[in-house]
Amino acid sequence: PGRYKGVWIDFKDDHTYEYGTSANLEGAGRYNYNFDRGELLMVDNHAGRRPQEFNVKLQNDVMVLIGTQVYGDRNTQMKLDKVTEAIKQ
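Here, residues in each chain are numbered from 1, in the same order as that chain's written sequence. Side-chain atom pairs in this predicted model are given and counted only at pLDDT of 80 or more, local residue features only at pLDDT of at least 70, and totals for whole chains, interfaces and linings cover all residues. The basis for every side-chain value is the complete set of non-hydrogen atoms in the structure, without hydrogens or water.

1. A short note on the overall build of the protein
- Only runs of H or I of at least four residues qualify as helices and only runs of E of at least two qualify as strands under DSSP, and these elements are numbered from the N terminus. Scanning the protein from terminus to terminus reveals zero helices and seven strands.
- The helix and strand sequence of the protein, counted from the amino end, reads β-β-β-β-β-β-β.
- When we talk radius of gyration, it's over C-alpha atoms, and the globule rule is simply 2.2 Å times the number of residues to the 0.38. Since a compact globule built from 89 residues should have a radius of gyration of about 12 Å, the 13 Å found for the protein is in line with a globular shape.
- On the principal axes, the C-alpha backbone points of the protein span a range of 35 × 35 × 30 Å.
- Two residues qualify as a contact provided that any one of their heavy atoms is within 4.5 Å of a heavy atom in the partner residue. Put simply, of all contacts in the protein between residues at least 6 apart along the chain, 14% involve residues at least 24 apart.

This is the structure in structure tokens:
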């Protein structure tokens, strides 16, 4: 709700992701998930954006990402809910 209404990220099976707001695609990149450490590394396709790394907590259809210190994401946390259909507004 609020300022994040309609914001989405789509993690694909081929280790790519896309993100945007409502029906607008705003960017994409590649990700790697380390199962042993529970860490997600995201590298944006845009050369001007730095990589991001998160500790991942999973429970049912909810994923919580907690930024790590590696790329300066320590102050970033987000809760993502799984949806099965695209958000279009």
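2. Describing the sheet that holds strand E4 (residues 39-44)
- Spatially, E1-E2-E3-E4-E5-E6-E7 is the arrangement adopted by the seven strands of the open sheet, whose pairing is antiparallel. Unpaired on one side and paired on the other, strand E1 (7-11) and strand E7 (77-81) mark the two borders of the sheet. Looking at each pair of strands side by side, their axes are set apart by 30° on average, direction ignored.
- Should DSSP find at least two bridges between two strands, the strands are regarded as paired. Bridge count between strand E6 (residues 62-67) and E7: five bridges; the pairing is antiparallel. Bridge assignment links valine 64 to a residue of E7, and that residue is lysine 79. A fitted line through C-alpha atoms serves as each axis, taken over the contacting stretch for helices, and the angle formed by two N-to-C directions is quoted from 0 to 180°.

3. Some points on the layout of surface pockets
- Using only the protein atoms, space was sampled on a 1 Å grid; points where a 1.4 Å probe fits but cannot get out form cavities, open sets with protein on both sides within 12 Å along at least five of seven lines form pockets, and lining residues are those with an atom within 4 Å of a point. Grid points are joined across faces, edges and corners, and a volume is the space filled by probe spheres set on the points. Taken as a whole, the largest pocket holds about 1800 Å³ of empty space.
- A per-class count over the lining of the largest pocket returns 25 nonpolar, 10 polar and 15 charged. In this count, Pro and Cys sit with the nonpolar residues alongside Ala, Val, Leu, Ile, Met, Phe, Trp and Tyr, while Asp, Glu, Lys and Arg are called charged and the others, Gly among them, polar.

4. Re the nonpolar core
- In plain words, nonpolar cores are sets of buried Ala, Val, Leu, Ile, Met, Phe, Trp, Tyr and Cys residues tied together by side-chain atoms within 4.5 Å. Think of it in three bands: with a 1.4 Å probe and only protein chains considered, a residue is buried below 20% of the maximum accessible area for its type, exposed above 50%, and partly exposed in between. One finds Tyr17, Tyr19, Tyr31, Leu40, Met42, Phe54, Val56, Met63 and Leu65 forming the largest nonpolar core, which totals nine residues.
- Mapped by element, the contributors of at least two residues to this core are strand E2 (16-21), E4, strand E5 (52-59) and E6.
- Setting aside its immediate chain neighbours within four residues, tyrosine 19 contacts Trp8, Ile9, Asn24, Leu25, Glu26, Gly27, Ala28, Asp44 and Arg49.

5. Looking at the pattern of salt bridges
- Counted as salt bridges are all cases of a side-chain nitrogen of Lys or Arg within 4 Å of a carboxyl oxygen of Asp or Glu. Summed over the entire model, instances satisfying the criterion amount to four salt bridges.
- Among the ionic pairs, arginine 37 bridges to glutamate 39, the shortest N-O distance being 2.9 Å.

6. A closer look at the side chain of aspartate 44
- Structurally, aspartate 44 is set in strand E4.
- By the counting scheme adopted, Arg and Lys are positive, Glu and Asp are negative, and His together with the chain ends is not counted. Of the buried charged residues, aspartate 44 lacks a salt bridge, with arginine 49 as the closest side chain of opposite charge at 4.4 Å.
- Whenever a nitrogen or oxygen atom comes within 3.5 Å of another N or O atom, the pair is scored as a polar contact, on the condition that within protein one atom can donate a hydrogen and the other can accept it, and that pairs from neighbouring residues in sequence are kept only if both atoms are in side chains. Within polar-contact distance, the side chain of aspartate 44 engages the backbone nitrogen of histidine 46 at 2.8 Å.
- Those residues within four positions of aspartate 44 in sequence are excluded, and the remaining contacts are Tyr17, Tyr19, Ala28, Gly29 and Arg49.

7. Concerning the packing of aromatic side chains
- Only rings of Phe, Tyr and Trp enter the pairing, Trp through its six-membered ring, and a pair is recorded when the two centres are within 6.5 Å. The plane angle decides the type: under 30 degrees is stacked, over 60 is edge-to-face, the rest tilted. Using the criterion set out here, one finds four aromatic pairs in the structure.
- For the pair tyrosine 33 and phenylalanine 35, a centre-to-centre distance of 4.8 Å together with 85° between the ring planes defines the contact as edge-to-face.
- Members of the aromatic cluster, each reached through a chain of ring pairs, are Phe11, Tyr17, Tyr19 and Tyr31.

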